[in-house]
Amino acid sequence: MGIVAGLDSSPDFTRIVVCDADSGAVLRQGYAPHPMDGMSEGGRPSDVDPQAWLLSLGEAAGGGLLEGVQAIGVSAQQNGLVPVDTQGNTVRPAMVGGDKRAQVAAADLVDALGGREAWAQAVGCVPQAAQPVTKLRWLAKNEPEAALRTSVLLQAHDWLVWQLLGRPARRTTDRGGASGTGYWSAATGAYRPDLVELALGHQALLPDVLGPWEAAGTTPEGLLISAGTGETMAAAFGLGIGLGDAVVSLGASGSVMAVHHEALVDSSGMITSLADATGMHLPVVTTLNAVRALRGAAELLGVPDLEALSDLAMKSTPGSHGLVLLPYLEGERTPNLPHTAGTLAGLRRESMKPEHLARAAFEGMLCGLADALDVLRKRGVEVRRIFLLGQAAELSAVQACAPALLGTQIVVPQPADYAALGAARQAAWALGTSQGTIQPGLPPVWQGAAAQILEPGEELAVGQAVRQQYVSVRNQTHPGAFRS
């Protein structure tokens, strides 16, 4: 088939991988950081000129990197809103990232539609500060002139695809990207323009939603550009996950997502119903506390880093001598306890040792993620193996505890830019479909991620007992937190 490229425009950099279209083998790659101006409190700006994305794209693609490439797929950071006027110019810098300034706007929107359940029924998610629909509400309230001039709504990957194609009259997106906006429903496959109007104060043009194997168009130079997608969906596609697979991401906060055959509507709002890059669905459950619980424990115990905390935890035994940490240090989303604090239970004289607290932090983090996994399992999502992502997945204590606590096979993939690989695989799919060498509904079969496999084995019964100990403390401390 030839050569394809995948481009991942993350919050900090552009990564490009050039791959063999048949096997997925990486032939060459490029990288460039985004030029950044003002920084926010979190170390990243909340407003970014999209031209910065194009500048780093050009730098990453330098030196003839794209020579011989026939098709490009684009993955980009999610929740980046690019408001565009009637002339095709950006009204203001793109609004990116978590954007805490929009928290009040999120609460306003929830109330305006009649509560969390109404949003879950409408679009499969409850507005959060990061989502484009919430940023529209913030824009209307805080920058009304910019809101009035906004006539077209694009996300980061939509805007990049549009630029690569030479800014055509037709603007496009994909199911994955659209499903995170807060104004498109994965269940119905349709936009809710009324929710755009509720947030922005008026209607706006929305990009056409392409199918997973459809091309967005061809560049003036003859390069095929595939539909593109959000980073989460591209990474899932790059990893090669399918039905029966879940992904647990260990960041400061945590997330659990799985491939499912239908959209899940959850009246509690704990499940965000996203679409994936293959035509399936990607329900996601997030926890506010994952690695931040480990960092807190490391500071409390005076150990220098997470590796040292892990080594300390390995000196303890499963169950941490009865210590149980409910790691709700920032409140919690799963279960929905926004104003609570963490709890350390089971203190006895013999359990008051650094290694037991260290182990309790790892077990508490993983049990919190097991709670999130159970939210999906109780809705009929099958989980036969779990891909564990994030730097903390490499820690020995995580690898020792995770299989038994999560109750299934754990896959720890080798570090790679899976979002860029997923974008390249999508480009190969669109190219093969256009050439008639691939059936539209069947993505190209590429070699899976190189990974370490961990099985629960004989530790499963012990792990489930530790999990039950955690559940008992959670139920006593927060009765009814998980209402079925």
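Residues numbered from 1 in each chain as written. Predicted model: local features only at pLDDT ≥ 70, side-chain atom pairs only at ≥ 80, totals over all residues. Heavy atoms only, no water.

Go over the overall build of the protein chain, please, and point to the residues and values.
Scanning the protein chain from N- to C-terminus turns up 15 helices and 24 strands. Computed over the C-alpha atoms, the radius of gyration of the protein chain is 23 Å, within 12% of the 23 Å expected from 2.2 N^0.38 for a compact globule of 484 residues. Summarising its shape, the C-alpha atoms of the protein chain cover approximately 70 × 50 × 40 Å along the three principal directions. Counting the 484 residues in the protein chain, one finds 56% classified as buried. If you take every contact in the protein chain between residues at least 6 apart in sequence, the share linking residues at least 24 apart comes to 72%. Working note: accessible area of the protein chain is about 19,300 Å², and carbon and sulfur atoms make up 51% of it. Here the protein chain carries 33 positive and 46 negative side-chain charges, and the mean point of each set is 5 Å from the other. (Helix = DSSP H or I, 4+ residues; strand = E, 2+ residues; numbered from the N terminus. Rg over C-alpha atoms; globule rule 2.2 N^0.38 Å. Buried < 20%, exposed > 50% of the residue type's maximum accessible area, 1.4 Å probe, protein only. Contact = heavy atoms within 4.5 Å. Areas by Shrake-Rupley, 256 points an atom, 1.4 Å probe, with all protein chains shown as cover. Lys, Arg positive; Asp, Glu negative; His and termini not counted. Charge placed at Lys NZ, Arg CZ, Asp CG, Glu CD.)

Describe the environment of leucine 160, with residues and values.
Within the fold, leucine 160 resides in helix H6 (residues 156-164). Classification of leucine 160 by relative accessible area gives buried; the value is 1%. For the pair leucine 160 and leucine 65, spaced 95 residues apart in sequence, the C-alpha to C-alpha distance is 18 Å. Not counting the four nearest positions on each side in its chain, leucine 160 is found in contact with Ser9, Trp53, Leu54, Leu57, Val74 and Ala76.

An account of the nonpolar core is requested, with residue identities and associated values reported.
Judged by nonpolar contacts, the single largest core of 60 residues is most densely connected at Leu250, Leu309 and Leu388. Examining the composition of this core, we find that 14 residues originate from one element, helix H12 (residues 354-377), more than from any other. Discounting chain neighbours no more than four positions away, the residues touching leucine 250 are Val291, Met365, Leu369, Leu388, Leu389, Gly390, Ala392, Ala393 and Val398. Core analysis: the next-biggest nonpolar cluster, separate from the first, contains 34 residues, Phe237, Val247, Met257 and Ala430 among them. (Core = buried A, V, L, I, M, F, W, Y, C linked by side-chain atoms within 4.5 Å.)

For the pairing of strand S16 (residues 244-250), give the residues involved together with the corresponding values.
For S16, a buried count of 6 out of 7 residues is recorded, marking the element as mostly surrounded by other parts of the structure. Bridge count between S16 and strand S22 (residues 383-389): 6 bridges; the pairing is parallel. Note that in S22 the partner of glycine 244 across the bridge is valine 383. Sheet topology note: the S16/strand S17 (residues 254-258) ladder contains 5 bridges and is antiparallel. For leucine 250, the partnering residue across the bridge sits in S17 and is glycine 254. If you look at the hairpin formed by S16 and S17, you'll find 3 residues sitting between the two strands. (Pairing = 2+ DSSP bridges.)

Outline the pairing of strand S13 (residues 215-218), listing residues and values.
Direction of pairing for S13 relative to strand S14 (residues 224-226): antiparallel, over a ladder of 3 bridges. Looking across to S14, one finds that alanine 215 is bridged to serine 226. Counted along the chain from S13 to the antiparallel partner S14, the turn is 5 residues long, and its residue glycine 222 has a positive phi close to 95°.

Explain the environment of arginine 474 residue by residue, including any values.
Secondary-structure assignment places arginine 474 in helix H15 (residues 460-477). Residues arginine 474 and glycine 368, spaced 106 residues apart in sequence, show a C-alpha to C-alpha distance of 9.9 Å. Look past the residues within four positions of arginine 474 in its chain and what remains in contact with it is Leu326, Tyr328, Asp371, Pro479 and Phe482.

Outline the UniProt feature "domain: Carbohydrate kinase FGGY C-terminal" (unreviewed entry) in the protein chain, supporting the account with residue identities and numerical values.
Residues given the UniProt feature "domain: Carbohydrate kinase FGGY C-terminal" (unreviewed entry) here are residues 247-431. Across residues 247-431 one finds 37% helix and 21% strand; the C-alpha atoms that close the span lie 28 Å apart. (UniProt positions renumbered as here; feature names shortened; annotations may be inferred.)

Talk me through the packing of helix H2 (residues 103-113) against helix H3 (residues 116-123); I want residue IDs and the actual numbers.
Working note: a packed helix pair is described by the angle between its axes plus the distance between those axes. Contact pair H2 / H3: the axes reach a minimum separation of 7 Å and the direction vectors enclose 85°. Between H2 and H3, the angle falls in the class roughly perpendicular. Of the residues in H3, those touching H2 at Leu109, Val110 and Leu113 are Arg116, Ala118, Trp119 and Ala122. A per-class count over the contact of H2 with H3 returns 6 nonpolar, no polar and 1 charged. (Axes fitted to C-alpha atoms, helices over the stretch in contact; angles between N-to-C directions. Parallel < 35°, antiparallel > 145°, perpendicular 65-115°, else oblique. Nonpolar A, V, L, I, M, F, W, Y, C, P; charged D, E, K, R; others polar.)

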